[in-house]
Amino acid sequence: MFNLVLFGPPGSGKGTQSENIVSAYNLHHISTGDLLRDEVSRHTPLGTEAKKYMDQGMLVPDEVVIGMISGVIDDTPDARGFIFDGFPRTRPQAEALDKLLEFKNIKIDLVLSLEVPEAELTKRLLSRGETSGRSDDNDEVITKRIKEYNSKTQPVASYYHSLGKLERINGEHPIPETFKLLAKHINKYLLPVS
Ligand code: B4P
């Protein structure tokens, strides 16, 4: 089994590249952003709680997100591996994920960090906002999300770097070129199925 964390600031292309990686390597995609948006759209108690944070560009509390992940892993026993997209986003989430995986006798093999300058992130997210209907794709909330990333999520990179698992990728290139850079690293662990 091969488990990958796709890491990076809001708008760096985690969701976009996850789709490419899933189709090339047949990994099971776990996006905490998608899971949370699904809870919000179904008006579940978890979704109602999460929405308060998401609408302000803040991270949802760790315990809410960690509980959600454990359930998804248990529901997918036959996966070839997992791609964690947008998770972990804080150091406590990273440590909780390691503990959770250890308990299931698996581990994170590789962390790919998409690096994109702030001006380009804002441009992409504003452009997505024109069609996405997402309540967090507007100027004010994007600024807050990038701030949250710099203070709470960036330290996760140092955590994985200290474990020798982090590779930094320039995410400024067009989507196919960025995918090729990611694939170069994944191919060292796993061959594509398509
Ligand atoms: P997420 O859903 O994870 O989304 P994201 O950070 O906005 O985007 P991503 O990096 O996936 O960008 P995308 O590919 O779409 O998070 C949303 C919110 O959920 C968070 O703010 C938080 O509140 C909450 N949340 C989620 N996980 C959490 C956790 N673990 N803990 C706590 N809270 C959590 O790309 C963006 C745009 O750029 C797209 O329009 C795309 O087409 C474009 N694009 C991508 N790559 C490009 C390229 N190479 N060139 C040009 N454009 C590109």
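Thresholds, definitions, all that
Residues numbered from 1 in each chain as written. Predicted model: local features only at pLDDT ≥ 70, side-chain atom pairs only at ≥ 80, totals over all residues. Heavy atoms only, no water. Helix = DSSP H or I, 4+ residues; strand = E, 2+ residues; numbered from the N terminus. Expected span 1.5 Å × (residues − 1). Contact = heavy atoms within 4.5 Å. Salt bridge = Lys/Arg side-chain N within 4 Å of Asp/Glu carboxyl O. Buried < 20%, exposed > 50% of the residue type's maximum accessible area, 1.4 Å probe, protein only. Near = heavy atom within 4 Å. Polar contact = N/O pair within 3.5 Å; in protein donor to acceptor, adjacent residues only side chain to side chain. Areas by Shrake-Rupley, 256 points an atom, 1.4 Å probe, with all protein chains shown as cover. Nonpolar A, V, L, I, M, F, W, Y, C, P; charged D, E, K, R; others polar. Core = buried A, V, L, I, M, F, W, Y, C linked by side-chain atoms within 4.5 Å.

*Asks:* I would appreciate a short explanation of helix H5 (residues 91-103) in the present structure.
*Replies:* Side chains that are three or four residues apart share a direction in an α-helix, a result of its 3.6 residues per turn. Across its 13 residues, H5 extends 19 Å between first and last C-alpha, which sits within 8% of the 18 Å expected from 1.5 Å per residue. The inward-facing, buried residues of H5 abut helix H4 (62-74), strand E3 (82-85) and helix H7 (139-162). Immediately downstream of H5, the backbone of Asn105 shows phi near 65°, a positive value.

*Asks:* Would you take a moment to explain the pattern of salt bridges for this structure?
*Replies:* Pairing is possible between side chains that carry opposite charge, provided their charged atoms lie close to one another. The final tally for this structure, using the stated rule, is 16 salt bridges. We note a salt bridge from Asp34 to Arg37, for which the minimum N-O separation is 2.9 Å. A residue pair is termed a helical-turn pair when its members lie 3 or 4 positions apart in one helix, as Asp34 and Arg37 do in helix H2 (residues 32-41) at three residues. Given a relative accessible area of 29%, Arg37 falls into the partly exposed group. Residues Asp74 and Lys104 are paired through a salt bridge, measuring 2.6 Å at the closest nitrogen-oxygen approach. Placement of the pair is Asp74 in helix H4 and Lys104 in the loop between H5 and strand E4 (110-115), with a sequence separation of 30 residues.

*Asks:* How should H4 be read in this particular structure?
*Replies:* Here H4 is 13 residues long and its end C-alpha atoms lie 19 Å apart, about the 18 Å a rise of 1.5 Å per residue gives. Along H4, the positions that sit buried rather than exposed are Val64, Val65, Met68, Ile69, Ser70, Val72 and Ile73. Contacts made by the buried residues of H4 are with strand E2 (28-31), H2, helix H3 (45-54), E3 and H5.

*Asks:* Would you mind going over the site of the ligand with me for this structure?
*Replies:* Neighbouring the ligand are 30 residues, the closest being Thr16, Thr32, Arg128, Arg145 and His173. Here an oxygen atom of the ligand sits 2.9 Å away from a polar atom, N or O, in the main chain of Met58. One nitrogen or oxygen atom from the side chain of Arg124 is found 3.4 Å from a nitrogen atom belonging to the ligand. When the ligand sits alone it has 1000 Å² of accessible area, and the protein chains cover 87% of it. Every element with two or more residues in the shell around the ligand is listed here: helix H1 (14-25), H2 and helix H6 (118-132). Ranked by residues supplied to the shell around the ligand, first place goes to H2 with four residues. Looking at the shell around the ligand residue by residue, the classes come out as eleven nonpolar, eleven polar and eight charged.

*Asks:* What should I look at first to understand the nonpolar core in this one?
*Replies:* Note that soluble globular proteins tend to have their nonpolar side chains buried in a common cluster. Counting residues in each nonpolar core, the largest one holds 31 residues, and the members touching the most others are Ile69, Ile73, Phe84, Leu97, Ile108 and Tyr160. Among the elements of the structure, strand E1 (4-7), H2, H3, H4, E3, H5 and H7 are those that each provide at least two residues to this core. Ranked by the residues each element gives to this core, the list is headed by H4, at six residues. When sequence neighbours within four positions are dropped, the list of residues in contact with Ile69 reads Ile30, Thr32, Phe84, Phe87, Leu97 and Leu100. Judged by nonpolar contacts, the second largest core, of 17 residues, contains Leu6, Ala24, Leu27 and Leu182.

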